[in-house]
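Residue-level listing of the chains:
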Amino acid sequence: NPYAGLVSHLRASWLSGKTRPMEYRITQLEALGRFLDEKKQEILEATDLDMGKPSFEAYFSEVLLCKNELNVTLNNLCHWMKDEHVDKNLVMQLDSAFIRKDPYGVVLIIAPWNYPIHLFLVPLIGAIAAGNCVIVKPSEISKNTERLVAETLSCYLDNDCFAVVTGGVPETTRLLENKFDYIFFTGIPPVGRIVMTAAAKHLTPVTLELGGKNPCYVSDTCDVPNVARRVVWGRFFNAGQTCIAPDYLLCSLEMQEKLMPALREAITEFFGPNPQESPDFGRIVGDKQFQRVRRLLCSGRVAIGGQTDEAERYIAPTVLADVQPSDPAMQEEIFGPILPIVVVANMDEAIDFINARPRPLAVYAFSCDSKVVNQVLERTSSGGFCGNDTLMHVTLTSLPFGGIGNSGLGKYHGKFTFDTFSHHRGCLHRSMGLEALNAPRYPPYTQQKLGLLTAAFEVKRRGTCTLL
Amino acid sequence: MEKMEKVVGRARAAFNSGRSRSLEFRIQQLKALERMVKEKEKEILAALHADLHKGGPNAYSHEILGVLAELALVMEKLPSWAAPQPVKKNLMTMRDEAYINFEPLGVVLIIGAWNYPFVLVMQPLIGAIAAGNAVVVKPSEVSENTAKLVADLLPQYLDRELYPVVTGGVPETTELLTQRFDHILYTGNTAVGKIVMAAAAKHLTPVTLELGGKSPCYIDKDCDLAVACRRITWGKYMNCGQTCIAPDYILCDPSIQSQVVENIKATLQEFYGEDVKSSPDYERIVNKRHFKRVMGLLEGQKIAYGGESDEASCFIAPTILTDVSPDSKVMEEEIFGPVLPIVTMKSVEEAIEFINCREKPLALYVFSNNKKLIKRVISETSSGGVTGNDVIMHFFLSTLPFGGVGHSGMGAYHGKHSFETFSHRRACLIKDLKMESTNKMRYPPVSQKKVDW
C-alpha cells in the first residue's frame, strides 16, 4: 500500500489535535489566500496551457470565486464553529443541549480537470475550516495545473496535515484502499460509483459531485436576444467543459427559428467572426476528449459553427438544430461547445422529456412568464435550478451546490462546505442533581410512572388541552 | 411474497403520480399513522412482549411514547419545515429570488432492526412521509411478531402503493437492495452496514446508516456514585442490554471499582427485585444465537455479580465483570447484552487515549461533578452523540441529530433532522429576463476594464 505511510502520518497529526484550534485553521486558510494572490499568474498560465482557458474565465472561476468562498469562511468561521444550542423539552430544561461540530479526521478530496483549482480549493477551504487533515488529489488530465499544485501548495500549507497526491487511475485506486474519514469526489457518475464502493469498505461518508445532461427550456414568450446571450455564455464558458452548463435546449419549432439568428449574433458578439482567433474562447482539454466531443457533431444539422481543428483541439461554438433524442449528442453529457436544440411542442412535453431522463445537476428555464418558470421548477427534479439565466446559482455561496440521483449526493459552497466536513454531534450535558425527576423512568414500571413520563415527554398538538 | 421489483416499481409509479407531495396528503397519512398507534396499542404491546419479553408500561414508554411525540411534532412543524427558505443574496443577485426548495427524494427504503422493532421502523417512516417520499419498509425478521404486525397494520391505515411493507430475511433483503432507491436508512450492525452501502453505491443512492459499536462510559472519581450508577444501570440493562446506545463498558479508577459494583448491585435489586427472572420488567435475549454469543463473552472473566442464565428462555441475569482486560473477547465486539465489563483506568488521559484507539462509538458517556472534565472528554474524543452525567437521554431530545460517525454510522435523523435527511435541498435562483445590462460585464469580449471592475 504505497500511500499507507502518508495516510498514517496525517492521521498521527490529526490525533495530535493540532488542526483543531480556530487560530490554526485561520492561519492555514489565510495561507491559501496568499496562494491565490501570489500564484494568480501561474494559475492563469497553467489553465491556459491545459485547456486554453481564457484568462478572464480563469480569473473569475479559479481565483475570484475561490477568494469569495475563502472570505465567507474566514468571516464566519468563529460563528460556524460554535456549539449550536438547541431547544429542549420539559425534562431537560436545566441541562445543556447542543450540537458540537467535530472534524472527521483525515479527508480525501479528488478533483477533476475542468476547473482544476476551484474544484479542489473550495472543498479544501471547508475541510480545513472544519478542522480536518486533508489529502488533495488533483486531476492528472490538467497536467500543468496538477504540477503547479503539487509543487507549490506545500509551500503554503502545513505539510504535516495537508498533502497533495498526484497520478492517474492506478494511483487513485491504490489511494482509495486506505481508510479516510470523509471522501469528497467531483467527476463523472461511473467513477462516483467506484469511489462510493471503495468508501463502503471503510464506512466512509462521501459527497459526490457528478454530472448529467442539464436541460434548458426556452418558452415561446421570452426576450430572445437576452436568452441567447445568457445561454451562449453558459454553454461556451470553458469551451463547454462545465458540469452545470446548459447541455441542450428544449423549445418549439418557432422558437428554434427565432433563436438561431440571436444565438449567432451572441456568438459573434462574444467571440468575433472567427472564434478560433478569440482570446476569450477555450479549447478541449485533451485529444481523447476532443475526439469524443467531435463525434457528437453528427447529430441533427449544424446550424452554427461545426468547424474543428484537431491540432489545437479547437471545436467552434456550435449549435445543432432539429436534434433527435436518439442522436449521439443526446446520449451522453456533452462537455463541449456544442448546443443541440431538441424541438418539443410545448412546456408539458418539455417537462415530460426532462422527467424521462436521469435527474441532472441543473435545470434551466427561460420565460417572461414567471408561471412557466415555476411550473418547470415544480414539476422537475434536479440538483439546482436557475430561472432566466445559466450557471449563476452556483455563484451565490448561501445556496447549496450539489446533485441528486445520478448527478450526485451531498452539497457544498459557503457554510455547506463546513457542514459537509463536520460531524454534527448531538450532546446533552445533564446535572447530577435532581435525581428525583428521573424516578418515573426506572423499573419497577407502573402505569402511574408511565403517566408522569407521558406528561413530561409528550409533544401536544397546539389547540388541544395540555398541562404544559 | 411479491417480487421486489414489482413492489418497488409500484411505489415509484405512485410517487411519480405526484400524490405524496402535497402537505395535506402527507399530514393526512401521518394522522392515519397516529390513529394506528393509538387504536392498535394493545396489539403493538403484545407483539413487543412476544418478541422481547417487554412489559406493557416499559414497551409503551420506549416504543410508543416516542412515536406519538414525533408524530405530533412533525405534524405541527411540517408547514414551516417544508416552506421554501430564502437565502442571503449578493450584489449580483440583489434583484433576484434566491431560495432553497425542500423536495422529496423519491422512493426511500427503511430497514429496521429487531431490538426496538417498532420505533426503529416508525420514526424513520414518519420523517420519510413528512418529506413527501414513497417508502418501502423492511422490518427485521428477527423480531418476527412485530414484523408481521407492521406488515398487517400499515396497509390498513396508509396508502398501500406508496408505503408497502416487505418482509423476509437475508435473501429477501439482498434482493430488495438490488433495486434502485433514492435514499436508504438502515439500522443494524457495522458489517451489514457495509453491505448496504456497497449495494447503494451501484445506484449512487445516499444512505443513512445507524450502526453501533462499544459506547464507553467513563466514571470520574469526583462524582455522586450512587446517582451515576443508578442511571448507568437503567441504561445498561434496559431491553436486556440490547440497545445500540447502551453504555457498553465502564472505565474508572481501580479505587472506585468495587463501589461501582456495589452501587449497581443495589440498584438492580431496587429495579428488578430479589428474583430478576420473575420480574415483569426484565427482558430476554432475542434468540438462541445471540444468547450463545453473549454467554460466550463471559468465558475467562471475573464475574463480580450475576452470570446466571437459562437457555430455554434466553434469560441472562444482569452481570458485572471486573478487572477486564482490554484484549479480551468481551472488549472486542459490541456486547448487546446484559453484561457490563469494568476496565480500570488510572487517569482521564488514559481513558481518553483508550477510547481514541478504538472505533468511534455511537454514544459516549462521562460522569463527573467536574464540568471542565466533562467538556474535556467531549472535546478530545469523537462519537455519534454524547450524554454527560446520564446515559441514553440524548436520544430523547429530537432537536439533537441522532446518528453515528465512523464505524458507528453516517447521517442522522429525529425531528427536523429526519425531514432534512429525507429531503433534497434544491438551490433555486430566479432572475429577471430583462436587466441585461448588469450581465454585460461578465460577457466576452473581455477588456481590462471588465477585469478591474
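Residues numbered from 1 in each chain as written. Chains lettered and ligands numbered in written order. Predicted model: local features only at pLDDT ≥ 70, side-chain atom pairs only at ≥ 80, totals over all residues. Heavy atoms only, no water.

1. What about the pairing of strand β4 (residues 134-138) of chain B?
Successive residues of a regular strand alternate their side chains across the two faces of the sheet. Residues and elements named next belong to chain B. Burial within β4 is extensive, with five of its five residues counted as buried. What you see with β4 is no split at all: A134, V136 and K138 on one side and V135 and V137 on the other are buried throughout. Of the pairings in the sheet, the one linking strand β3 (residues 107-111) to β4 comprises five bridges and is parallel in character. Across the sheet, residue I111 finds its bridge partner in β4, namely K138. Each parallel crossover has a hand, and for β3 linked through helix α5 (residues 119-130) to β4 it is right-handed. (Buried < 20%, exposed > 50% of the residue type's maximum accessible area, 1.4 Å probe, protein only. Helix = DSSP H or I, 4+ residues; strand = E, 2+ residues; numbered from the N terminus. Pairing = 2+ DSSP bridges. Right-handed = clockwise from strand over helix to strand, strands pointing away.)

2. Considering the UniProt feature "coiled-coil region" (unreviewed entry) in chain B
Sequence positions flagged by UniProt for "coiled-coil region" (unreviewed entry) are, in local numbering, residues 23-50 of chain B. Between the C-alpha atoms that bound residues 23-50 of chain B the distance is 37 Å, and the span itself is 96% helix and 0% strand. (UniProt positions renumbered as here; feature names shortened; annotations may be inferred.)

3. As for the domain arrangement of chain B
All names here are of chain B. According to the domain assignment, chain B consists of domain 1 (1-211 + 409-429) and domain 2 (216-395). Taking only C-alpha atoms, the centre of domain 1 and the centre of domain 2 are 31 Å apart. Listed by partner, the interface residues are 14 residues for domain 1 and 17 residues for domain 2. Buried area between domain 1 and domain 2, summed over both chains or domains, comes out near 1,400 Å², and the portion from carbon and sulfur atoms is 57%. On the domain 1 side of the contact with domain 2, H53, W114 and Y116 bury the most area, a combined 35% of that side's loss. Applying the counting rule to domain 1 against domain 2 returns zero salt bridges. Contributions of two or more residues to the side of domain 1 that touches domain 2 are made by α3 (41-52) and α4 (56-82). In terms of residue class, the side of domain 1 that touches domain 2 is made up of five nonpolar, seven polar and two charged. (Domains from an automatic or database assignment. Contact = heavy atoms within 4.5 Å. Buried area = accessible area lost by both parts, 1.4 Å probe. Salt bridge = Lys/Arg side-chain N within 4 Å of Asp/Glu carboxyl O. Nonpolar A, V, L, I, M, F, W, Y, C, P; charged D, E, K, R; others polar.)

4. Considerations on the packing of helix α8 (residues 189-202) of chain A against helix α8 (residues 190-202) of chain B
How two helices sit against one another is set out by the angle between their axes and by the gap between those axes. At a minimum axis distance of 8 Å, the contact between α8 of chain A and α8 of chain B shows a crossing angle of 180 degrees. Here α8 of chain A lies roughly antiparallel to α8 of chain B, going by the angle between them. Packed against α8 of chain A, whose contacting residues are R193, M196, T197, A199, A200 and K201 of chain A, the element α8 of chain B presents K194, M197, A198, A200, A201 and K202 of chain B at the interface. Here the residues of the contact of α8 of chain A with α8 of chain B are counted per class, giving seven nonpolar, one polar and four charged. (Axes fitted to C-alpha atoms, helices over the stretch in contact; angles between N-to-C directions. Parallel < 35°, antiparallel > 145°, perpendicular 65-115°, else oblique.)

5. Description of the interface of chain A and chain B
Between chain A and chain B, the contact holds 104 residues from the first and 107 residues from the second. Between chain A and chain B the total buried area reaches about 8,600 Å² when both faces are included, carbon and sulfur atoms providing 62% of it. When the buried surface of chain A facing chain B is broken down by residue, L203, M432 and Y445 of chain A rank first, second and third, together holding 11% of it. Remark: the boundary between chain A and chain B carries ten salt bridges. For K360 of chain B, the salt bridge goes to D181 of chain A, with nearest N and O atoms at 4.0 Å. The biggest single contributor to the side of chain A that touches chain B is α8 of chain A, with nine residues. Of the residues contributing to the side of chain A that touches chain B, the split by class is 47 nonpolar, 32 polar and 25 charged. As judged from the four bridges shared by strand β16 (residues 384-387) of chain A and strand β17 (residues 423-430) of chain B, these two strands associate in the parallel manner. Bridge pairing in β17 of chain B places C386 of chain A opposite L429 of chain B.

6. Here we look at the side chain of H118 of chain A
Residue and element names in this part refer to chain A. Among the secondary structure elements, H118 is positioned in helix α5 (residues 118-129). Accessibility expressed as a relative area gives 10% for H118, which makes it buried. Contacts of H118, omitting those with residues within four sequence positions, involve S61, E62, L65, C66, P123 and H413.

7. Things to note about the domain arrangement of chain A
Residue and element names in this part refer to chain A. You can read the domains of chain A as domain 1 (3-211 + 410-423) and domain 2 (215-406). Both faces combined, the contact of domain 1 with domain 2 buries some 2,300 Å², and carbon together with sulfur accounts for 58% of it. The largest share of the area that domain 1 buries against domain 2 comes from E57, W113 and H413, three residues that together contribute 21% of it. At the junction of domain 1 with domain 2, the criterion picks out zero salt bridges. Going through the elements one at a time, α3 (40-51), α4 (55-81) and α8 are the ones with two or more residues in the side of domain 1 that touches domain 2.

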